[in-house]
Amino acid sequence: GYQEITEIGAVVFQDGKVVDTFQRFCRLKEGHRLTKRCKKITGITQEVLNKNGIRFNDAMKEFREFLDKHNLKRVYAFDRDEDDRKAERCRRRHL
């Protein structure tokens, strides 16, 4: 099978408060379809990607601009399968 990134998201915290967010859906390559497992894990549907998705390279360019706008040098990544408490612990450590 194949794997593709379907969504890129980020939250910028300052002094424990959300100051900005970023979210983009990424279109799949021509002829590719979401698997049932991916739909179940993410809640994203093929229709959402078809309507709102942009090319992955364009999403990454916009994400880089978002990071640069905030002068961010460090990024922490979590997927939806991970416990939200892990993200909260990370946020608290870096206040």
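Remember, it's a predicted structure, so these values are computed and weren't measured experimentally.

Colleague: Sorry if this is basic, but what is going on with the overall build of the protein chain here?
Modeller: Across its full length, the protein chain holds four helices and two strands. The proportion of buried residues among the 95 residues of the protein chain is 23%. Surface accessibility of the protein chain: about 7700 Å² in total, with carbon and sulfur atoms responsible for 47%.

Colleague: I'm lost on a nonpolar patch on the surface in this one. Help?
Modeller: Residues Ile5, Phe56 and Met60 make up a contiguous nonpolar surface patch of about 240 Å² in total accessible area. Inspection of the secondary structure puts Met60 in helix H3 (residues 56-69). Here Met60 falls in the partly exposed class, since its relative accessible area comes to 34%.

Colleague: Sorry if this is basic, but what is going on with H3 here?
Modeller: Because an α-helix completes one turn every 3.6 residues, residues spaced three or four positions apart along the sequence face the same direction. Taking 1.5 Å of rise per residue, 14 residues should cover 20 Å, and H3 covers 20 Å from first to last C-alpha, within 8% of that figure. Regarding H3, the residues found buried are Ala59, Phe63, Phe66 and Leu67. The buried side chains of H3 occupy one side of the element, clustering within an arc of 95 degrees when seen end-on. Relative to its buried face, H3 has exposed residues pointing more than 90 degrees away, namely Asn57, Lys61 and Lys69. Among the structural elements, strand S1 (7-14) and strand S2 (17-25) are those in contact with the buried residues of H3. Count one or two residues on from H3 and you reach Asn71, which has phi positive near 55 degrees.

Colleague: Would you take a moment to explain the pattern of salt bridges for this structure?
Modeller: Side chains carrying opposite charge are able to pair once their charged atoms draw close together. Taken as a whole, this structure holds five salt bridges when the rule is applied. Glu62 is paired through a salt bridge with Arg24; the nearest N and O atoms lie 2.4 Å apart. One end of the pair, Glu62, is in helix H3; the other, Arg24, is in strand S2, with 38 residues separating them in the sequence. Overall, Arg24 belongs to the partly exposed group, its relative accessible area being 29%.

Conventions we followed
Residues numbered from 1 in each chain as written. Predicted model: local features only at pLDDT ≥ 70, side-chain atom pairs only at ≥ 80, totals over all residues. Heavy atoms only, no water. Helix = DSSP H or I, 4+ residues; strand = E, 2+ residues; numbered from the N terminus. Buried < 20%, exposed > 50% of the residue type's maximum accessible area, 1.4 Å probe, protein only. Areas by Shrake-Rupley, 256 points an atom, 1.4 Å probe, with all protein chains shown as cover. Patch = residues over 30% accessible without salt bridge, like charges linked within 9 Å, V, L, I, M, F, W, Y side chains within 5 Å. Salt bridge = Lys/Arg side-chain N within 4 Å of Asp/Glu carboxyl O. Expected span 1.5 Å × (residues − 1). Arc of directions from axis to C-beta. Contact = heavy atoms within 4.5 Å.

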